[in-house]
Amino acid sequence: MDTEALRSFVRAAELGQFQHAADELGVTQQAVSKRIATLERELEVRLFTRTARGVELTLDGQAFLSHARSIVAGVERAINAVRPGSRALRIDVLGLRSAQAVVLHDYWRSRPEANLDVVTLRANDPRVVVAAVEAGDIDASFRTVIAPAVLPPALQMIHAFDSPLELLVGPRHPLASARRLTPPQLRRHRIWVPGIAPRSEWAEFYDQLATDFDLRIDATGPHFGDEVLLDTLADSADVATLVGARDRYIWPTNHDLRRIPIVNPTLAYPLSLILPRTNPHPELRGIITHLGTLPRLPDAVWRPSWATTPQRGESGGTTCELCRRPGESPADSTAA
């Protein structure tokens, strides 16, 4: 059934005149008349009777109107669901307490009119996330593909921001009284990071971190959730973990946990944004601009070798094709 004919029928019924319906729909009165005539032939009923003041619904037309309205509304919802700018930006983060989610929340607070749908794909394999962006299931993802060959030509990966790491310890830990720490001071201490998934970007990150600084990073045992991890730290005199400076954690006051910055160098977890090269969701422009306003890290920063890096002139965030000035040439945004 022709949805434009249904839309013409609904507007004519609501406005009482074919001409008014035509004006609203941006077509001629003759086009509206032909659409409704075709619809009447298909249904084998009369939908309108003509009067001196315009048109009125017949009994069949009255019975058909509510159903036609539902069909037209459903079609419009379906179109809006896939039209960029008419639907929410679907963006994937590693977790709702992660630095990416915190940064997105700050962006939304500055622009409450932004229509965001923050999701977590719960996929450790970056190829699953890449496939979701390529298929349009999500519009973008805060993930990093450390093997450039995995990224299809239709997608780009840009630097989002760097998340500095902090040591999280309980009050009985030997390092609990420190105001800041350097990587060599972490040696010989057990750093427990449960749930490091093979082939994930964070597995590669921790492998390189442990190698470069001779750290004892322990990933043994299942990850029973942040609450169990925090309880363990509060009760332990020798277990610590690493968290991002912007990651959001909440614990009971009697835990007395301590977040201690790591400096000289700052240990930075690099966060990238994967998005389509062409026709990205319009809301991504504002988010990328917001990322560019985040504070820069100090000069002494350690990043893994595969990290994406900010473009020249950026202030902790990045630019891409969405944010180029008119006439500016494209830059290769997939460097790793």
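Just so it is clear, the model here is predicted, and its values are computed rather than measured.

*Asks:* Just to check I follow, could you spell out the nonpolar core for this structure?
*Replies:* One recurring pattern in soluble globular proteins: nonpolar side chains tend to sit buried together. The biggest cluster of nonpolar side chains holds 46 residues, and the ones touching the most others in it are Ile91, Phe142, Phe161, Leu167, Leu209 and Leu273. Those elements that provide at least two residues to this core are β3 (89-92), α5 (99-110), β6 (155-169), α7 (201-213), β9 (239-244), β11 (266-276) and α9 (283-291). No other element matches the six residues that β6 contributes to this core. The contacts of Leu209, once residues within four sequence positions are left out, are Leu165, Asp214, Leu215, Ile217, Leu242, Leu267 and Trp302. Listed in part, the 19 residues of the second largest apolar core include Ala5, Ala22, Phe48 and Leu65.

*Asks:* Please clarify how the pairing of β9 should be interpreted in this entry.
*Replies:* Taken residue by residue, a regular strand's side chains alternate between the two faces of the sheet. With six of six residues buried, β9 is to be regarded as a mostly interior element. Side chains Val239, Thr241 and Val243 project from β9 onto one buried face, and the interleaved Ala240, Leu242 and Gly244 project onto a second face that is buried too. Examined bridge by bridge, β6 and β9 share five bridges and lie antiparallel to one another. Across the sheet, Leu168 pairs through a bridge with Thr241, a residue of β9. In terms of strand pairing, strand β7 (residues 190-192) meets β9 through two bridges, oriented parallel.

*Asks:* Help me understand α9 in this model?
*Replies:* Think of an α-helix as 3.6 residues a turn; residues three or four steps apart then line up on the same face. α9 sits mainly inside the fold: seven of its nine residues count as buried. Those residues of α9 that fall on the buried side of the exposure criterion are Glu283, Leu284, Gly286, Ile287, Ile288, His290 and Leu291. The elements touched by buried residues of α9 are β3, α5, β4 (116-119), β5 (140-141), β6 and β11.

*Asks:* Even after reading the chapter, I still don't get the packing of aromatic side chains, so can you show me in this structure?
*Replies:* Given two aromatic rings, one states the distance between the centres and the angle between the planes to describe the pair. Taken as a whole, this structure holds eight aromatic pairs when the rule is applied. Judged by centre distance (6.4 Å) and plane angle (65 degrees), the rings of Phe142 and Phe161 are edge-to-face. With Phe142 in the loop between β5 and β6 and Phe161 in strand β6, this residue pair connects regions lying 19 residues apart in the sequence. Since its relative accessible area comes to 0%, Phe142 is described here as buried. Between Phe205 and Tyr206, the ring centres sit 5.2 Å apart and the planes meet at 80 degrees, which makes this aromatic pair edge-to-face. According to the relative accessible area criterion, Tyr206 is buried, its value standing at 10%. In this structure an aromatic cluster arises from ring pairing among Phe205, Tyr206, Phe213, Tyr269 and Trp302.

*Asks:* Could you clarify how one ought to interpret the side chain of Gln100 in this entry?
*Replies:* Here Gln100 lies in helix α5. For Gln100, the residues in contact, after removing those within four places along its chain, are Val93, Leu94, Phe142, Phe161 and Leu271.

*Asks:* Explain the confidence of the model for the protein here, please?
*Replies:* Where the model shows low pLDDT, its predicted coordinates should not be examined in detail. Summary statistics for the protein give a mean pLDDT of 87 and a share of 89% for residues scoring 70 or more. Of the regions scoring below 50 in pLDDT, residues 325-336 engages in 19 contacts with residues more than four places distant in sequence or in other chains.

*Asks:* Explanation requested: the pattern of salt bridges in the structure shown.
*Replies:* Two side chains bearing opposite charge may form a pair once their charged atoms approach each other closely. Across all of its chains, the model carries 17 salt bridges by this definition. For the salt bridge of Arg90 with Asp139, the shortest nitrogen-to-oxygen distance reads 3.9 Å. Linking Arg90 in strand β3 with Asp139 in the loop between α6 (126-135) and β5, this pair joins segments that are 49 residues apart in sequence. Residue Glu227 pairs with Arg97 through a salt bridge whose shortest N-O separation is 3.4 Å. Of this pair, Glu227 sits in helix α8 (residues 226-235) while Arg97 sits in the loop between β3 and α5, and the two are 130 residues apart along the sequence. Of the residues examined, Glu227 reaches a relative accessible area of 46% and is grouped as partly exposed. Three or more residues are tied together by salt bridges with common partners; here these are Arg11, Glu14, Glu24 and Arg69.

Definitions and limits used
Residues numbered from 1 in each chain as written. Predicted model: local features only at pLDDT ≥ 70, side-chain atom pairs only at ≥ 80, totals over all residues. Heavy atoms only, no water. Core = buried A, V, L, I, M, F, W, Y, C linked by side-chain atoms within 4.5 Å. Buried < 20%, exposed > 50% of the residue type's maximum accessible area, 1.4 Å probe, protein only. Helix = DSSP H or I, 4+ residues; strand = E, 2+ residues; numbered from the N terminus. Contact = heavy atoms within 4.5 Å. Pairing = 2+ DSSP bridges. Phe/Tyr/Trp six-rings, centres within 6.5 Å; stacked < 30°, edge-to-face > 60°. pLDDT = per-residue confidence, 0-100. Salt bridge = Lys/Arg side-chain N within 4 Å of Asp/Glu carboxyl O.

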